[in-house]
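# A closer look at the structure
Each chain, letter by letter, is given below.
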Amino acid sequence: MTTRILTGITTTGTPHLGNYAGAIRPAIVASRDPQADSFYFLADYHALIKCDDPARIQRSRLEIAATWLACGLDADKATFYRQSDIPEIPELTWLLTCVSAKGLLNRAHAYKASVDKNVEAGEDPDAGVTMGLYSYPVLMAADILMFNAHKVPVGRDQIQHVEMARDIGQRFNHLFGNGKELFTLPEVVIEEDVATLPGLDGRKMSKSYDNTIPLFGSAKQLKDAVARIVTDSRAPGEPKDPDNSHLFTLYQAFSTREQEVAFRAELLGGLAWGEAKQRLFELLDNELGEARERYHALITRPADLEDILLAGAAKARRIATPFLGELREAVGLRSFREQVQVATEGKKKAAKAARFVSFREDDGFRFRLLDAAGEQLLLSIAFADGKAAGQVTKRLQSEALDLHAELNAFSVRLDGEAVAYSPEFSTDAERDAAMQRLREALAPQE
Ligand code: TRP
């Protein structure tokens, strides 16, 4: 079985070398694992919480999309999309908001930090706190639960949010799952051994410290940044201490083992800092040069990027749309027309009630037939409109069933045409039992 790995990238800044080594590079490597089913997305709704500058939001989305693709993310294998292209996510956010305890969100670190700051400054505790900031973890829970992710790789500051997604998902399962796990509960993954790169001044590389090395600036910008790395004042010829040099740490993050050993020996042998910087520049330029060219090619073709991301969104929605239909059904937002309770008369019959759930997909309208436990008995073909789908569900309940075994599944036919299919079964006996269950579920009630 594959593992679904999902993570979001908030689109507020321009990726730097620290983002590359700490997040982008390991995520792309992970996405190449044949066992991995990766979902990577631009968290642009989250970006709106932190930034009210439309131009900056737009630029950052473009830059981040181009960066991931230039660094080698295969958009055919991974599912790569913008959060804001998936309308099911805000819709799910509301369903989750309705089961999220306010007390839980009161404890979110980001919100608490704002409150503490306000209190310290003698302000109203909620001064400047928007509902976006407050509800941030619910939106993030929707991102994760929408796709039933198993693993969520994030930085340490996000652990609490993934735990909240578990809490909220669990609560929803409990309230509406009818004994079934509607949502997979996600696990957080903290990559212990990925590099947290030091910045120019030796502190963690971060935009907020203004100590970053640009990822895809020109070669000259890269060179200038490397020249600004702070070193000690040892003169050329004097031995340098690699283990106390963040220039060496940066080198190590991109070099092979042999290059690292050789560089260490050179530093111990008195290599001048100027030379050392030249070595680091060459290493980085070599690692990033090709990707930089791809990046600039992509950035100049924004329409192509748009197409790639829209294709990614369509792929994601093939999962999100029917799943949201199931969730709406679970909470009681059901169609008046097509949802037919097979057994509405009498409590005894209700025990074996099966129900039709219809939903809309890119290719048309479909329905599922679920048994009383919520297990899927049938999934229909796509119909041109909801009415056609509704007529078929009515006929299935009133006419004799025409079932056909097809390999390890079976179809239901009307007028000789298959209109719905069962799930796949591992044995013929299971398939035959399911055919029998279906007959019972749809048997006309006396
Ligand atoms: N909040 C995350 C961050 O700032 C980004 C994010 C949004 C995310 N939705 C997510 C990460 C879902 C993992 C899963 O880093």
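Overview of the structure. (Residues numbered from 1 in each chain as written. Predicted model: local features only at pLDDT ≥ 70, side-chain atom pairs only at ≥ 80, totals over all residues. Heavy atoms only, no water.)

Attention now goes to the pattern of salt bridges. Scanning the entire structure with this criterion turns up 28 salt bridges. Taking the shortest distance from any N to any O, the salt bridge between Arg82 and Asp85 comes out at 2.7 Å. With respect to class, Arg82 is no different from Asp85; both count as buried. (Salt bridge = Lys/Arg side-chain N within 4 Å of Asp/Glu carboxyl O. Buried < 20%, exposed > 50% of the residue type's maximum accessible area, 1.4 Å probe, protein only.)

Let us look at the site of the ligand. In the vicinity of the ligand lie 14 residues, with Thr10, His46, Tyr136, Asp143 and Gln158 positioned nearest. Residue Asp143 places a side-chain N or O atom 2.7 Å away from a nitrogen atom belonging to the ligand. In the environment of the ligand, a nitrogen atom lies 2.9 Å from a nitrogen or oxygen atom belonging to the side chain of Gln158. Within the complex, the protein chains bury 90% of what would otherwise be the 370 Å² of accessible surface of the ligand. Here the residues of the shell around the ligand sort into eight nonpolar, five polar and one charged. (Near = heavy atom within 4 Å. Polar contact = N/O pair within 3.5 Å; in protein donor to acceptor, adjacent residues only side chain to side chain. Areas by Shrake-Rupley, 256 points an atom, 1.4 Å probe, with all protein chains shown as cover. Nonpolar A, V, L, I, M, F, W, Y, C, P; charged D, E, K, R; others polar.)

Taking 1.5 Å of rise per residue, 18 residues should cover 26 Å, and helix α8 (residues 159-176) covers 26 Å from first to last C-alpha, within 8% of that figure. The complete set of buried residues in α8 reads Gln160, His161, Val162, Met164, Ala165, Ile168, Gly169, Phe172 and Asn173. After α8 finishes, the residue Asn178 shows a positive phi value of roughly 55°. (Helix = DSSP H or I, 4+ residues; strand = E, 2+ residues; numbered from the N terminus. Expected span 1.5 Å × (residues − 1).)

This paragraph deals with the sheet that holds strand β10 (residues 409-414). Taken in spatial order, the six strands make up an open sheet running β6-β7-β8-β11-β10-β9, and their pairing is antiparallel. A single partner strand is all that each edge strand has here, and the edge strands are β6 (355-361) and β9 (402-406). Within this sheet the neighbouring strands show an average axis-to-axis angle of 35°, counted without direction. Here three bridges tie strand β7 (residues 364-370) to strand β8 (residues 376-380), and the two strands are oriented antiparallel to one another. Looking at β8, one finds that Arg368 is bridged to Leu379. (Pairing = 2+ DSSP bridges. Axes fitted to C-alpha atoms, helices over the stretch in contact; angles between N-to-C directions.)

This brings us to the pairing of strand β1 (residues 3-10). Strand residues, when the strand is regular, have side chains that alternate between the two faces of the sheet. Judged from the eight bridges that link them, β1 and strand β2 (residues 36-43) form a sheet pairing that is parallel. Within β2, the position partnered with Leu6 by the bridge is Phe39.

With that out of the way, let us pick up the packing of aromatic side chains. Scanning all chains against the criterion turns up 16 aromatic pairs. Measuring from centroid to centroid gives 5.5 Å for Tyr40 and Trp68, while their planes differ by 55°, and the two rings are tilted. Separated by 28 residues along the polypeptide, Tyr40 in strand β2 and Trp68 in helix α3 (residues 54-70) bring together distant segments of the chain. Note on accessibility: Tyr40 and Trp68 belong to one class, buried. Measuring from centroid to centroid gives 4.0 Å for Tyr251 and Phe263, while their planes differ by 25°, and the two rings are stacked. Taken together, the positions of Tyr251 in helix α10 (residues 246-252) and Phe263 in helix α11 (residues 257-268) put the pair twelve residues apart, joining distant regions of the chain. In this structure an aromatic cluster arises from ring pairing among Phe39, Phe41, Tyr81 and Phe147. The ring of Trp273 has Lys240 lying over it, and the distance from NZ or CZ to the ring centre is 5.8 Å. (Phe/Tyr/Trp six-rings, centres within 6.5 Å; stacked < 30°, edge-to-face > 60°. Lys NZ or Arg CZ within 6 Å of the ring centre and 35° of its normal.)

Further remarks concern the pairing of strand β11 (residues 417-421). Note: β8 against β11, two bridges, orientation antiparallel. Each bridged residue has a counterpart across the sheet, and for Leu379 the counterpart in β11 is Tyr421. Relative to β11, β10 runs antiparallel, the two being bridged by four bridges. Its bridge partner being in β11, Val412 is matched across the sheet by Ala420. Between the end of β10 and the start of β11, which pair antiparallel, lie two residues, with Asp415 showing a positive phi angle near 50°.

Turning next to the packing of helix α4 (residues 88-97) against helix α13 (residues 302-331). Relative to each other, α4 and α13 sit at 25°, their axes nearing to 10 Å. What the angle tells us is that α4 and α13 run roughly parallel. As for the relative orientation of α4 and α13, their crossing is left-handed in sense. The segment α4 lies against α13, with Glu88, Glu91, Leu92 and Leu95 engaging Arg317, Ala320, Thr321, Leu324, Leu327, Arg328 and Val331. Among the residues making up the contact of α4 with α13, the classes are represented as six nonpolar, one polar and four charged. (Parallel < 35°, antiparallel > 145°, perpendicular 65-115°, else oblique. Left-handed = near helix turned anticlockwise from the far one by under 90°. Contact = heavy atoms within 4.5 Å.)

Our next topic: the environment of Ala276. Relative to the helices and strands, Ala276 is located in helix α12 (residues 273-299). The class for Ala276 is buried, based on a relative accessible area of 0%. Between the C-alpha atoms of Ala276 and Val226, which are 50 residues apart in sequence, the distance is 9.9 Å. Beyond its immediate sequence surroundings of up to four residues, Ala276 is in contact with Leu247, Phe263, Leu267 and Leu271.

Limitation: the analysis is restricted to geometry and does not speak to function.
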